[in-house]
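# Secondary and tertiary structure notes
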Amino acid sequence: MTDIKPKKHYEILDGLRGVAAILVVTFHIFETFAGGNRFKQIINHGYLAVDFFFLLSGFVVAYAYDDRWGKMTQWEFYKRRLIRLQPMVIMGMIIGAIFYYFQASDILFPQIAGMEVWKVIVTMVIGFTLLPIPPSLEIRGWGEMHPLDGPAWSLFFEYIANILYALFFRKFSNKVLSVFVLVFAGLLINYTVFGPKGDVIGGWSLNLEQMNIGFTRLLYPFFAGVLLCRLGKLIHLKGAFWICSILIIIVLGLPRFGDENSLWMNGLYESFCIILVFPLIVAIGAGGQIKSAFSAKICKLLGDISYPIYITHYPLIYWYTAWVVNNKVSLADGLLPGIALLVASIVLAFVCLKLYDEPVRNWLQNKFQKKKVLS
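Summarised in this report is the structure supplied together with it. Per-chain numbering applies: the sequence of each chain, read as written, is numbered from 1 onward. Predicted model: local features are reported for residues with pLDDT of at least 70 only, side-chain atom pairs are reported and counted for 80 or more only, and whole-chain, interface and lining totals are derived from all residues. Where side-chain values are given, they derive from all heavy atoms of the structure, hydrogens and water being excluded.

### Some points on the pattern of salt bridges
Opposite charge on two side chains permits them to pair, given that their charged atoms come into close proximity. A carboxyl oxygen of Asp or Glu within 4 Å of a side-chain nitrogen of Lys or Arg is what we treat as a salt bridge. Enumeration according to the criterion identifies 12 salt bridges in this entry. In this structure, aspartate 14 and arginine 17 form a salt bridge, with 3.2 Å as the shortest nitrogen-oxygen distance. With aspartate 14 and arginine 17 both in helix α1 (residues 11–31) and three residues apart, the pair spans about one turn of that helix. The classification of residues rests on relative accessible area computed with a 1.4 Å probe and restricted to protein chains. Under 20% of the type maximum is buried, over 50% is exposed, and intermediate values are partly exposed. Using a relative accessible area of 16% as the deciding quantity, one classes aspartate 14 as buried. Each of the salt bridges in this network shares a partner with another, and the network as a whole consists of Glu76, Lys79 and Arg80. Secondary structure elements are defined from DSSP: runs of H or I of at least 4 residues count as helices, runs of E of at least 2 residues count as strands, and each element is numbered from the N terminus.

Following this line, the structure appears as structure tokens:
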């Protein structure tokens, strides 16, 4: 096998991934006080960060691998993606299992108190593989395919996207790929604008409805990211990182549009963001340059901790949600602990990165790859 030379990262895209990951944690903290009512949620569209991640992933995968297929096999591609993603999946499940018994709630998670340890261990081990948990082992009661670490559902779809890319989409011409992307955009608009909910919330359960949502959320952004990278239509602006960060904060933070009688309005907004705004942000981020040492350090730190934050924070959210519900905590009283949770999520991610993720990936790369490549 010919050695594959590493390519430089898009530092701004790394930083934007971190900004979005921190907003996800913030969204989940505030979600606790919404009582399941999306019309009362603060940072209302925080869940769209997942769709942004999918688009970023498609762009990065195409940039890293589109021109390397003559130098690597499909198995080499899968191996590289597994080494990049799987160690933190395992850590997320371990953290979820450790925190599980601290999340009991007579209202939210009443079955936790009497749960047999073996079921938690089996759920954790299955979670290591990212295979969805069968309903008979769904130990939390929320219907999640990964009840110890809810956000792992998006990694399940991420792997599906990587497989589809390796098997089929990498071989398509830009014209053929454009047709698929347009079809996927149509499916997204059909679901969000004309569908029953007016949003893309969902994808985390192992049933037909949720799987449909998951694939609807995955297919357009991931392969639009691939197409965007191939077309190379980047936008060069000064201060690109800060411009894009502000755009992400606005997109994810805006309140829900319309009401129960005009769900299409919010669906139209979300389709607009996913189909047009997110590619615009990536085009600006990829076309920008980091000029100051401070911005470079910020982007690197945010990029390094982005994935660990995303995949390890939710066990803390389960605990926080149970605490709020059990004790009927108000937003005012829960704000300071919520800030502490956000800080703890960042610290936990950094510790996992330095003491576990980077050493494990380095060892795996040295053992299974001729040339280390992080993408």
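### What about unusual backbone geometry?
Even without a glycine there, the phi angle at isoleucine 43 is positive, about 50°. If you trace the backbone, isoleucine 43 turns up in the loop between α1 and α2 (48–65). Taking the relative accessible area as the measure of exposure, isoleucine 43 reaches 17% and is therefore buried. With phi around 50°, lysine 328 is a residue other than glycine that occupies positive phi space. Along the chain, lysine 328 turns up in the loop between α11 (314–327) and α12 (331–368).

### As for the state of the cysteines
Disulfides are covalent bonds that link the sulfur atoms of two cysteine residues. Two cysteine sulfur atoms form a disulfide, by the criterion used here, when they sit within 2.5 Å. By the definition in use, this model includes zero disulfides. You can see cysteine 299 has no disulfide; the closest cysteine sulfur is in cysteine 244, sitting 9.9 Å from it. On the accessibility criterion, cysteine 299 (0% relative accessible area) is buried.

### Details of the packing of aromatic side chains
Between rings of Phe, Tyr and Trp, where Trp is taken as its six-membered ring, a pair exists when centres lie within 6.5 Å; planes separated by under 30 degrees are stacked, by over 60 edge-to-face, and by other angles tilted. A complete count under the given rule lists 32 aromatic pairs for this structure. Note on tryptophan 153 and tryptophan 204: the rings are 6.2 Å apart at their centroids and 70° apart in plane angle, and the pair reads as edge-to-face. Here tryptophan 153, found in helix α5 (residues 152–167), pairs with tryptophan 204, found in the loop between α6 (174–194) and α7 (208–231); they are 51 residues apart in sequence, far enough to count as distant. Residue classification places tryptophan 153 among the buried positions, given a relative accessible area of 5%. Between phenylalanine 180 and phenylalanine 184, the ring centres sit 6.0 Å apart and the planes meet at 45°, which makes this aromatic pair tilted. With a gap of four residues between them, phenylalanine 180 and phenylalanine 184 both fall in helix α6, about one helical turn apart. Exposure remark for phenylalanine 180: the relative accessible area of 31% places this residue in the partly exposed category. A network of ring pairs unites the aromatic residues Phe169, Phe172, Phe180, Phe184, Phe222 and Phe223 as a single cluster. Geometrically, a lysine NZ or arginine CZ counts as sitting over a ring once it is within 6 Å of the ring centre and also within 35 degrees of the ring normal. Across the ring face of phenylalanine 109, the terminal group of arginine 140 is positioned such that the distance to the ring centre comes to 4.9 Å. Geometry around phenylalanine 39 places arginine 256 over its ring, the cationic atom sitting 4.9 Å from the centre.

### Brief notes about α11
Taking 1.5 Å per residue as the helical rise, α11 with its 14 residues ought to reach 20 Å, and the 20 Å between its terminal C-alpha atoms agrees with that figure. In this structure, the buried residues of α11 make contact with α1, α3 (74–100), α10 (293–312) and α12. After α11 finishes, the residue lysine 328 shows a positive phi value of roughly 50°. One fewer than the residue count of a helix, multiplied by 1.5 Å, yields its expected span. A contact between two residues is defined here by any heavy atoms of the two lying within 4.5 Å.

### Quick word on the nonpolar core
Within the largest apolar cluster, 114 residues are counted, with the highest numbers of intra-cluster contacts made by Phe52 and Phe223. Broken down by element, the residue count for this core peaks at 13 residues, all from α2. Residues contacting phenylalanine 52, with those up to four places away along its chain left out, are Leu16, Ala20, Ile248, Phe278, Ile281 and Val282. What we call a nonpolar core is a set of buried Ala, Val, Leu, Ile, Met, Phe, Trp, Tyr and Cys residues that are connected through their side-chain atoms within 4.5 Å.

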